[in-house]
Amino acid sequence: MFEKISQHEQVVFCNDPSSGLKAIIAIHNTTLGPALGGCRMRPYKSTDEALEDVLRLSKGMTYKCAGADVDFGGGKSVIIGDPTTDKSPALFRAFGQFVDSLNGRFYTGTDMGTTPDDFVHALKETSCIVGVPDEYGGSGDSSVPTAQGVIYGLRATLQALYGSEDLSGMSYSIQGLGKVGYKVAEHLVAAGAHVYVTDINQEALKNIVEQSELLPGTVQIVGGNEIYGADADIFVPCALGGVVNDETIDRLKVKAVVGSANNQLLEDKHGIYLQQKGILYGPDYIVNAGGLIQVADELYGPNRDRVLNQTRAIYDSLLAIYKQSKEQNLSTMEAANRFCEDRIEHRKRRNSFFSHDTRPKWKVRH
Ligand SMILES: NC(=O)C1=CN([C@@H]2O[C@H](COP(=O)(O)OP(=O)(O)OC[C@H]3O[C@@H](n4cnc5c(N)ncnc54)[C@H](O)[C@@H]3O)[C@@H](O)[C@H]2O)C=CC1
Ligand SMILES: O=C(O)CCC(=O)C(=O)O
């Protein structure tokens, strides 16, 4: 086990038989501040699969926090269960108690399979919850700024590819029409684009088709596997991670991959393969940082303008990473990783120079 978690500071297994909660919290690195990251709920096939996911996701959060320049570290949690049948107030309250037991080392909120309303129950047990609805003192649905950030990422990518950031007239293949993917699809169709969409949820597909009838762009539904070969300009993964892999890369006809899904590359080497194939990759943790920016900002007192400005900066960060990758002949993922690792290293030196006990410097509202 220690070999498996060797890059992480702490991993907590949470078991509450009375509510049925089985969860894992992983804290990857707290150099920049207390760990922050959402909670994913999935019917994982095994504990190993859940552990693998939470370890990868929490590491990604360390890089995402560094890339977005927020004073938090990398953490994430997963609940093993089916989000359509296994949710209950008791389950989220039990989860909240485990989060509280970490005494401010870990803050959490929504991710795939969970919604802001779920965390209203957890909030009764701990103040270390972010992204609950406004009426509960939170900053609301973090998928709104995440989707905005994806749109800035798409604009920057079009700018890098074609010298124009105009979204219209282009085509996009979107995988997953959940909280983030749906908003991205809606925005693109409203801009006059053609989108190919796929989801395992038929209701989400029906909704976007109905919505598109009122908008200038068009929507075409494709099968789960067909999305990889869709004749689109940009592939926009907004569901699971690991979708850019040995099998799918050969099928991609797109010029770029830019989406919200965490850990899109099965392994970092797939970023190099994309580069070799002439496909521009927008590193996921740079593109999808909008939600993180909002929930991190919430702890200083929510301010929508501040969040919007910081989310807009995703455009510039991405262009800077594309430039660096070109100049240094690195994949865009390698360029992004270097940028974030430098920031963390720099802060590590400052932390130890001043003191070991200055975090956290904000007061959390109760
Ligand atoms: N919600 C947020 O603010 C953020 C989300 N992300 C990432 O973005 C991705 C999407 O997140 P959310 O929209 O919040 O999740 P969600 O649970 O609201 O939506 C996910 C959607 O993907 C669909 N889906 C699942 N498996 C699929 C498959 N094999 N093929 C096609 N569709 C499939 C689901 O039916 C659902 O509609 C996740 O990887 C998440 O970690 C990243 C940063 C922030
Ligand atoms: O969006 C959130 O609520 C927290 C940030 C996060 O978990 C993520 O960016 O994956």
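Residues numbered from 1 in each chain as written. Chains lettered and ligands numbered in written order. Predicted model: local features only at pLDDT ≥ 70, side-chain atom pairs only at ≥ 80, totals over all residues. Heavy atoms only, no water.

**Focus: the overall build of the protein chain**
The test is simple: The helix and strand labels rest on DSSP assignments: H or I over at least four residues marks a helix, E over at least two residues marks a strand, and numbering proceeds from the N terminus. Each radius of gyration is computed over the set of C-alpha atoms, and the globule rule expresses the reference value as 2.2 Å times the number of residues to the power 0.38. Think of it in three bands: residues with accessible area under 20% of the maximum for their type are buried, residues over 50% are exposed, and the middle band is partly exposed, with areas taken using a 1.4 Å probe on protein chains only.
Check the secondary structure of the protein chain and you find 12 helices and 12 strands. Relative to the compact-globule value of 21 Å for 366 residues, the protein chain shows a C-alpha radius of gyration of 20 Å, a close match. Here the C-alpha coordinates of the protein chain stretch approximately 50 × 45 × 40 Å along the principal axes. Each of the 366 residues in the protein chain was classed as buried or not, and the buried ones make up 55%.

**Re the packing of helix H10 (residues 290–298) against helix H11 (residues 304–328)**
Under the convention used in this document: In this analysis, axes come from line fits to C-alpha atoms, helices being fitted only over the stretch in contact, and the angle between any two N-to-C directions falls in the range 0 to 180 degrees. Angles are sorted into four bins: roughly parallel if under 35 degrees, roughly antiparallel if over 145, roughly perpendicular if 65 to 115, and oblique for all others. Helix crossings are classified by the rotation of the near helix relative to the far one: an anticlockwise turn of less than a right angle makes the crossing left-handed, while a clockwise turn makes it right-handed. Contacts between residues were defined by any pair of non-hydrogen atoms, one from each residue, lying within 4.5 Å. Under the convention adopted here, Pro, Cys and the residues Ala, Val, Leu, Ile, Met, Phe, Trp and Tyr are nonpolar, Asp, Glu, Lys and Arg are charged, and Gly plus all remaining residues are polar.
Orientation of H10 relative to H11, taken along the N-to-C sense of each, is 150°, at an axis distance of 9 Å. Accordingly, the angle class assigned to the pair H10 and H11 is roughly antiparallel. The two elements H10 and H11 cross, and the hand of that crossing is right-handed. Every residue of H11 that contacts H10 at Gly290, Ile293, Gln294 and Asp297 is listed here: Arg304, Arg306, Val307, Gln310, Thr311 and Ile314. Of the residues that constitute the contact of H10 with H11, the class distribution is three nonpolar, four polar and three charged.

**A look at helix H6 (residues 202–212)**
Where we set the bar: Relevant arc is that of directions from the helix axis to the C-beta atoms, nothing else. Polar contact is the term for a pair of N or O atoms within 3.5 Å; when the atoms are in protein, one must be able to donate a hydrogen and the other to accept it, and sequence-neighboring residues count only if both atoms are side-chain atoms.
Residues of H6 that are buried: Ala204, Leu205, Ile208 and Ser212. Burial along H6 is one-sided: seen end-on, the buried residues are contained in an arc of 100°. The inward-facing, buried residues of H6 abut helix H5 (179–190), strand E8 (194–198) and strand E9 (218–221). A side-chain oxygen of the first residue of H6 lies 2.9 Å from the backbone nitrogen of Glu203; this N-cap is Asn201.

**Quick look at the environment of Lys4**
Mapping Lys4 onto the fold places it in the segment before strand E1 (10–16). Residue class for Lys4 comes out partly exposed when judged on its relative accessible area of 45%. Once you skip the residues sitting within four places of it in the chain, Lys4 turns out to touch Asp48, Leu51 and Leu55. Within the structure, Lys4 has its side chain in polar contact with the side chain of Asp48 (distance 3.4 Å).

**Some points on the site of ligand 2**
The test is simple: Throughout, the term near means that a residue has one or more heavy atoms lying within 4 Å of the molecule or strand in question. Method for areas: the Shrake-Rupley scheme with a 1.4 Å probe, in which residue coverage is limited to the protein chains shown.
Taken together, Gly37, Gly38, Met61, Lys64, Lys76, Thr110, Asp111, Ser142, Asn262, Gly291 and Val295 form the complete shell of residues around ligand 2. Take Thr110: an N or O atom from its main chain is 3.3 Å from an oxygen atom of ligand 2. At 3.1 Å, a side-chain N or O of Asn262 approaches an oxygen atom of ligand 2. Protein contact buries 94% of the 280 Å² of open area that ligand 2 shows by itself. Mapped by element, the contributors of at least two residues to the shell around ligand 2 are helix H1 (47–68) and H10. Partitioning the shell around ligand 2 into residue classes produces two nonpolar, six polar and three charged.

**Some remarks on the sheet that holds E9**
For clarity, the cut-off: By the convention used here, strands pair only if DSSP detects at least 2 bridges between them.
Strand order across the open sheet formed by six strands is E9-E8-E7-E10-E11-E12, with parallel pairing between neighbours. Looking at strand neighbours, the two that pair on one side only are E9 and strand E12 (280–281), the edges of this open sheet. Taken together, the two bridges between strand E11 (residues 256–257) and E12 define a ladder with parallel strand orientation. What sits directly across from Ala256, in E12, is Leu280.

**A closer look at the site of ligand 1**
Close to ligand 1 lie 22 residues; Asp111, Thr146, Asp199, Ala239 and Asn262 are nearest. Within the backbone of Lys179, an N or O atom sits 2.9 Å from an oxygen atom of ligand 1. Here an oxygen atom of ligand 1 sits 2.9 Å away from a polar atom, N or O, in the side chain of Ser260. For ligand 1, the protein covers 86% of the area, taking 830 Å² as the surface of the free molecule. Counting residues per element, the ones that place at least two in the shell around ligand 1 are helix H4 (143–162) and H5. Class assignment for the residues of the shell around ligand 1 results in seven nonpolar, 10 polar and five charged.

**Brief notes about the environment of Val244**
By the element assignment, Val244 lies in the loop between strand E10 (234–237) and helix H7 (246–249). We classify Val244 as buried; its relative accessible area is 1%. Along the sequence, Val244 and Phe92 sit 152 residues apart, while their C-alpha atoms lie 32 Å from each other. The residues contacting Val244, other than those within four sequence positions of it, are Ile249, Val257, Gln264, Leu265, Leu266, His270 and Leu274.

**Observations concerning the side chain of Ser212**
Assignment of secondary structure puts Ser212 in helix H6. Once residues lying within four places of it in the same chain are set aside, the contact partners of Ser212 are Val189, Gly217 and Val219.

**Looking at the nonpolar core**
Formally: We call a set of buried Ala, Val, Leu, Ile, Met, Phe, Trp, Tyr and Cys residues a nonpolar core when their side-chain atoms join them within 4.5 Å.
Membership of the largest hydrophobic core comes to 103 residues, with the highest contact counts inside it found for Leu154, Tyr172, Ile174, Val184 and Leu188. Ranked by residues supplied to this core, first place goes to H4 with seven residues. Setting aside residues up to four positions removed in sequence, Val184 forms contacts with Ala147, Val150, Ile151, Leu154, Ile174 and Val236. Formed by 11 residues, the second largest nonpolar core is a distinct cluster that contains Ile5, Val11, Val54 and Val78.

**Things to note about the pattern of salt bridges**
Note the cut-off: Think of a salt bridge as a Lys or Arg side-chain nitrogen and an Asp or Glu carboxyl oxygen that are within 4 Å of each other.
All chains considered together, the criterion is met by 16 salt bridges. A salt bridge links Arg304 to Asp134, with the nearest nitrogen and oxygen atoms 3.5 Å apart. Of this pair, Arg304 sits in helix H11 while Asp134 sits in the loop between helix H3 (116–123) and H4, and the two are 170 residues apart along the sequence. Salt bridges sharing partners connect three or more residues here, namely Arg40, Asp53, Lys76 and Asp111.

Interpretation in functional terms is not warranted from these geometric data alone.
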